[in-house]
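Observations on chain architecture
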Amino acid sequence: MDREVEIGKLKGAFGARTEAEIAGLGDWVEGFLGDALGQSPDMFAALDRLTATADGVLLLKALRDRISEPGLPSGRDGGAGLPDAAALRALQASEPYLAGDPAVRKRVAQGWARLYLEAGE
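Fair warning: this is a prediction, and the values are worked out from it, not measured in the lab.

Time to look at helix α1 (residues 3-14). Residues spaced three or four apart along an α-helix face the same direction, because each turn holds 3.6 residues. Taking 1.5 Å of rise per residue, 12 residues should cover 16 Å, and α1 covers 16 Å from first to last C-alpha, within 8% of that figure. Three or more residues of α1 are buried, namely E6, L10 and F14. Along the axis of α1, the buried residues cluster in a sector spanning 60 degrees; they form a single face. Structural note: α1 exposes E4, K11 and G12 on the side pointing more than 90 degrees away from its buried face. On its buried face, α1 is in contact with α2 (18-39) and α4 (54-67). At the N-terminal end of α1, a side-chain oxygen is found 3.1 Å from the backbone nitrogen of E4, two or three residues along, and the residue is D2. Backbone geometry just after α1 places G15 at a positive phi near 65 degrees.

Set out below in structure tokens:
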């Protein structure tokens, strides 16, 4: 799959709002499915495969738009939706992480950073 082709499709759908749309969808998915994603490396890997294509990203946007929630759910209220240390260790043992998947590795790094920040507060 050619990442540039997929990004081109998203730019065709979103225009100048492409980066903002992708970031907004990422925040929404994290808030909406954060607990489930943090507890299941397989589910996270499935989401990663879905969002590797423009069609998958557009499907997520359609789902978000159909749900029509007021505001974006987020994991910012009390840490809901954020993976704990056990979930992060499970992600580190997952096939996508071990294969070097950048999205999974980024999620793990961000998760550990959040946990360390919370512990230091």
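Additional details are given in the paragraphs that follow.
Moving on, we come to the packing of α2 against helix α3 (residues 41-50). Two elements in contact, α2 and α3, have axes whose closest approach is 6 Å; the angle formed by their N-to-C orientations is 135 degrees. On the basis of the axis angle, α2 is oblique to α3. For the pair α2 and α3, the contacting residues are V29, A36, L37 and Q39 in the first and P41, M43, F44 and L47 in the second. When grouped by side-chain class, the residues that make up the contact of α2 with α3 number 7 nonpolar, 1 polar and no charged.

Turning next to the nonpolar core. Here is a general trend for soluble globular proteins: nonpolar side chains tend to be buried in one another's company. With 12 residues, the main nonpolar core is built from W28, V29, L37, F44, L47, L60, L88, L91, Y97, V104, V108 and W112. Secondary-structure elements contributing two or more residues to this core are α2, α3, α5 (85-92) and α7 (102-120). The contacts of L91, once residues within four sequence positions are left out, are P41, F44, Y97, V104, R107 and V108. L10, L25, A54 and V57 belong to the second-largest nonpolar core, a separate cluster that totals 5 residues.

Along the polypeptide, E6 turns up in helix α1. For E6, a relative accessible area of 11% translates into the label buried. Among all residues touching E6, those that are not within four sequence positions of it are M1, A52, T53, A54 and D55.

To continue, consider the packing of aromatic side chains. Under the definition given, this model contains 1 aromatic pair. Arranged with centres 4.9 Å apart and planes meeting at 15 degrees, the rings of W28 and F32 form a pair that is stacked. Here F32 and W28 lie together in helix α2, a separation of 4 residues that amounts to about one turn. Among the residues examined, W28 registers a relative accessible area of 4% and is labelled buried.

Below, the discussion takes up the packing of α1 against α4. One way to put it is that α1 packs onto α4 with a least axis distance of 8 Å and a crossing angle of 35 degrees. Seen from α1, the contacting residues are E6, K9, L10, A13 and F14; seen from α4, they are A54, D55, V57, L58 and K61. Here the residues of the contact of α1 with α4 sort into 6 nonpolar, no polar and 4 charged.

Criteria and cut-off values
Residues numbered from 1 in each chain as written. Predicted model: local features only at pLDDT ≥ 70, side-chain atom pairs only at ≥ 80, totals over all residues. Heavy atoms only, no water. Helix = DSSP H or I, 4+ residues; strand = E, 2+ residues; numbered from the N terminus. Expected span 1.5 Å × (residues − 1). Buried < 20%, exposed > 50% of the residue type's maximum accessible area, 1.4 Å probe, protein only. Arc of directions from axis to C-beta. Contact = heavy atoms within 4.5 Å. Polar contact = N/O pair within 3.5 Å; in protein donor to acceptor, adjacent residues only side chain to side chain. Axes fitted to C-alpha atoms, helices over the stretch in contact; angles between N-to-C directions. Parallel < 35°, antiparallel > 145°, perpendicular 65-115°, else oblique. Nonpolar A, V, L, I, M, F, W, Y, C, P; charged D, E, K, R; others polar. Core = buried A, V, L, I, M, F, W, Y, C linked by side-chain atoms within 4.5 Å. Phe/Tyr/Trp six-rings, centres within 6.5 Å; stacked < 30°, edge-to-face > 60°.

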